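This is what each chain is made of:
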Amino acid sequence: MLQPIIKNEKFIIKNFLSFLVTYLKKFIKIGLVFSLIGTAYFFIKPAVYTSKVSFYTNYNEAPQSSFLSMLPAGMLGGGMGYTSLSFSIENYLSSEEFLIDIVNNTYDIDGSKTTLTNHWGSDYNNFVVLNPMTFAKRLNSYFNFNNGLSGKEKKEIYAARLLKNSLSFSEDRRSLLNTITIGIEGDSELGIQIIADVYDSIIGYSSNVVNTKASEKKDFISNRLASIQKSLIISEDAMLKFSQENKQIENSPSLILERQRLQKDITLYNQLFFTLSDQLELAKINEKDNTTSFFLLDKPVTDRLKSGGGIVYNVIYYFTISIILSMIFYFYRHRKILFQS
C-alpha cells in the first residue's frame, strides 16, 4: 500500500524508500529492457569516425621600429593602419561561402570521385531512417526550402547544413591552439580529406586577407609618397629662393629663424620620404606574400577509437535514463497518493 511521500509540505523518506522497494523489480526490468535495446542499437548504428586537425595562430613578426611610429596621429592620413587584420575562424567555418565551397570539392568516396553535394545531398528527401531525430530533422529541412529551388540547390544546401553540424571548433585562448574536428558516419577516410580541405581553406582565406590589406596599404602609401615628394620639392624651392634673396643673414635673428624653419621642413619631408619608400617596398612584398601565421601541430588524422562512448557506457546510460523516466511515470501515475498538500 502506497503512502504519501510529501504530506503537508514535509518529505517522508520512509514512504519514499517503501515506494522504491514496491516498484524496484519493475524499475530493474524496464532498465534491462532499455539496456538491451541500447546495446542492439550500439551494434546496428553506423560507426562515427572523428577526424581532427590542430594548429597555432599566434605567430607574429616583431614590430619594426621606424620614424613613422614617432609621428603624431593623422600626419600620414587616417587610412594608414599598421595593425594586422584578424578574423574569427569559428565565424568563417559557419559562413555560407566556405560551406558551399567545401561541399562542392571533389573527394575520393568508395573508390570514386564525387562531391559532398552528390554524396550527402541526395538524402535531402530520403525519410527512410531508423533514427527518429534524423527523420524529424530531414522533414523539417525539406519543408523549409524556398519555392523555386532546383534539385541541385536543395542538395547543396542540405549538404552544407550537414557539414556545418558535423564540424566542431575549439580554441585555447591562452596558447591560441585551434582544433577542428568532424564526425563522419561509416567512412574513416572521408573525414581526413574534408578536414584537410577545411584547413587549406582557412589558410587560403587568411593569406587573401593579408594580401588584400597589403595591396590597399601599398596604394595608400604610393599616394602619400607622391604627396610628400611634392611637399619636399616645394620646401626645397622655398629654401633656394630664400637663400638667393638673403645673402647676408648672420646679423638678422628673424632671417636665421626663418631659414631654420625651412630647413626643418626639408628634413622632416626627407625623413618621411625615405621611410615611406621603405614601407612601400614592404607593402609590395606583403601583397605577394604567401606565408601564414598558422602552424600545424597535428596533421589531419582520424581517431583510432569510435566516438560516442563504448558499450559499457551505453548500457549504463540507457539503464539509468530508463529508471529515471520510469520513476517519473509512476510518480505521475500515483501523484494523488504520493503528493498531498
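Look a little higher up for the structure.
Parameters and conventions
Just so you know, the residues in each chain are numbered from 1, in the order the chain's sequence is written. Selection of residues for local features in this predicted model requires a pLDDT of at least 70, selection of side-chain atom pairs for listing and counting requires 80 or more, and totals for whole chains, interfaces and linings are taken over all residues. Calculated side-chain values reflect all of the structure's heavy atoms, with hydrogen atoms and water omitted. The cut-offs for exposure are 20% and 50% of the maximum accessible area for each residue type, with area from a 1.4 Å probe on protein chains only; residues under the lower value are buried, those over the upper are exposed, and the others partly exposed. What counts as a helix is a DSSP run of H or I of at least four residues, what counts as a strand is a run of E of at least two, and both are numbered from the N terminus. Working note: the arc is built from the helix axis to C-beta atom directions. Polar contact is defined as a pair of N or O atoms within 3.5 Å, subject to the rule that within protein one atom must be able to donate a hydrogen and the other to accept it, and that residues adjacent in sequence are counted only when both atoms are side-chain atoms. We call two residues contacting when some pair of their heavy atoms lies within 4.5 Å. For two strands to be treated as a pair, DSSP must find at least two bridges joining them. In this analysis, axes come from line fits to C-alpha atoms, helices being fitted only over the stretch in contact, and the angle between any two N-to-C directions falls in the range 0 to 180 degrees. Exposure above 30% relative accessible area and the lack of any salt bridge qualify a residue for a patch; like charges then connect within 9 Å, and the nonpolar side chains Val, Leu, Ile, Met, Phe, Trp and Tyr within 5 Å. Each accessible area value is a Shrake-Rupley result obtained with a 1.4 Å probe; residue values ignore everything except the protein chains displayed when judging cover. We count a salt bridge whenever a side-chain nitrogen from Lys or Arg sits within 4 Å of a carboxyl oxygen from Asp or Glu. His is not counted here, nor are the chain ends, while Lys and Arg score as positive and Asp and Glu score as negative. Where a charge sits is defined by one atom per residue type, namely NZ (Lys), CZ (Arg), CG (Asp) or CD (Glu). Any pair of Phe, Tyr and Trp rings, taking the six-membered ring for Trp, is counted once the centres come within 6.5 Å. Such a pair is stacked with planes under 30 degrees apart, edge-to-face with planes over 60 apart, and tilted for the rest. For a Lys NZ or an Arg CZ to count as sitting over a ring, it must be within 6 Å of the ring centre and within 35 degrees of the ring normal. Any angle that is under 35 degrees is reported as roughly parallel, and any over 145 degrees as roughly antiparallel; angles of 65 to 115 degrees are reported as roughly perpendicular and all others as oblique. By convention, the crossing between two helices is left-handed when the near helix turns anticlockwise from the far helix through less than a right angle, and right-handed when the turn is clockwise. Amino acids outside the nonpolar list (Ala, Val, Leu, Ile, Met, Phe, Trp, Tyr, Cys, Pro) and the charged list (Asp, Glu, Lys, Arg) are all regarded as polar, and Gly is one of them. By nonpolar core we mean a set of buried residues, namely Ala, Val, Leu, Ile, Met, Phe, Trp, Tyr and Cys, connected to one another through side-chain atoms within 4.5 Å.

Peer 1: Explain helix α4 (residues 96–103) residue by residue, including any values.
Peer 2: Where α4 is concerned, the buried positions are F98, L99, I102 and V103. Projected down its long axis, α4 carries its buried residues within an arc of 120°, all on one side. Residues of α4 that are exposed and point over 90 degrees away from its buried face: E96 and E97.

Peer 1: Requested: an account of the side chain of S54, with residues and values cited.
Peer 2: Relative to the elements of secondary structure, S54 occurs in strand β3 (residues 48–56). Classification of S54 by relative accessible area gives buried; the value is 4%. Within the structure, the side chain of S54 is placed 3.3 Å from the side chain of T179, a separation counted as a polar contact. Once you skip the residues sitting within four places of it in the chain, S54 turns out to touch L177, N178, T179, F295, L296, L297 and D298.

Peer 1: Describe the sheet that holds strand β8 (residues 295–302), and please don't skip the residues or the numbers.
Peer 2: Taken together, the four strands give an open sheet; going across it, the order is β6-β7-β3-β8, and neighbouring strands pair in antiparallel fashion. Of all the strands in the sheet, the pair left with one neighbour each is β6 (167–172) and β8. When strand polarity is set aside, the average angle formed by the axes of neighbouring strands in this sheet is 15°. Bridging between β6 and strand β7 (residues 177–185) involves six bridges; their strand directions are antiparallel. Counterpart to F169 in the pairing with β7 is I180. The sheet strands contacting helix α7 (residues 151–166) are β6 and β7, and the helix crosses β6 at an angle near 35°.

Peer 1: With reference to specific residues and values, describe the sheet that holds strand β1 (residues 6–7).
Peer 2: Sheet strands pair by backbone hydrogen bonding; their relative direction is either parallel or antiparallel. Taken together, three strands build an open sheet; the order of strands is β2-β1-β9 and the sheet is mixed. For this open sheet the edge positions go to β2 (10–11) and β9 (339–340), each flanked by a neighbour on one side alone. As defined by bridge partners, β1 adjoins β2 across two bridges and the pair is classed as antiparallel. When the bridges of β2 are listed, I6 appears paired with F11.

Peer 1: Run through a positive patch on the surface, naming residues and quoting values.
Peer 2: A surface patch of like charges, here positive, comprises K25, K26, K29 and R333. Of all the elements, helix α2 (residues 24–44) adds the most residues to the positive patch, at three residues. Mapping K29 onto the fold places it in helix α2. On the accessibility criterion, K29 (57% relative accessible area) is exposed.

Peer 1: Any chance you could break down the packing of aromatic side chains for me, citing the residues and the numbers?
Peer 2: On inspection of all chains with the given rule, the structure shows 15 aromatic pairs. A network of ring pairs unites the aromatic residues F11, F16, F19, Y23, F27, F329, Y330, F331 and F339 as a single cluster. Residue placement shows R335 over the ring face of Y332; its charged tip is 4.1 Å from the ring centre.

Peer 1: Lay out the packing of helix α8 (residues 190–245) against helix α9 (residues 253–288) in plain terms, naming residues and giving numbers.
Peer 2: Where α8 contacts α9, the two axes come as close as 8 Å, and the packing angle between them is 160°. Taken together, the axes of α8 and α9 lie roughly antiparallel to each other. Our pair here, α8 against α9, has a crossing hand that is left-handed. Partitioned by chemical class, the residues of the contact of α8 with α9 number 18 nonpolar, 11 polar and 10 charged.

Peer 1: I'd love a proper account of the packing of helix α1 (residues 13–22) against helix α10 (residues 311–333), names of residues and values included.
Peer 2: α10 packs onto α1 with a crossing angle of 115° between their chain directions and a minimal axis gap of 12 Å. Between α1 and α10, the angle is such that the two are roughly perpendicular. Of the two possible hands of crossing, α1 and α10 adopt the one that is right-handed. Contacts between α1 and α10 involve F16, F19 and L20 on the former and, on the latter, M327, Y330 and F331. Considered class by class, the residues forming the contact of α1 with α10 number six nonpolar, no polar and no charged.

Peer 1: So what about the environment of V315? Which residues, and what values?
Peer 2: Take V315: it is sitting in helix α10. As for V315 and S35, which are separated by 280 residues in sequence, their C-alpha atoms are 5.0 Å apart. What V315 contacts, discounting residues up to four positions off in sequence, is S35 and T39.

Peer 1: Quick rundown of the pairing of β3? Include the residues and the values.
Peer 2: In this structure, β3 lies alongside β7, joined through nine bridges in antiparallel fashion. Note on β7: the bridge partner recorded for T50 is G183. Inspection of the sheet shows β3 paired to β8 by five bridges, in the antiparallel sense. Considered in β8, the bridge of K52 is made with V301.

Peer 1: Break down the nonpolar core for me, citing the residues and quoting the values.
Peer 2: Formed by 29 residues in total, the largest nonpolar core has its most connected members in L116, L163, I180, I194, V198 and I202. Every element with two or more residues in this core is listed here: β3, α3 (89–93), α4, β4 (106–109), α7, β6, β7 and α8. When residues in this core are grouped by element, the largest group, seven residues, is from α8. Filtering out sequence-adjacent residues up to four positions away, V198 remains in contact with L93, F98, I102, L167 and I180.

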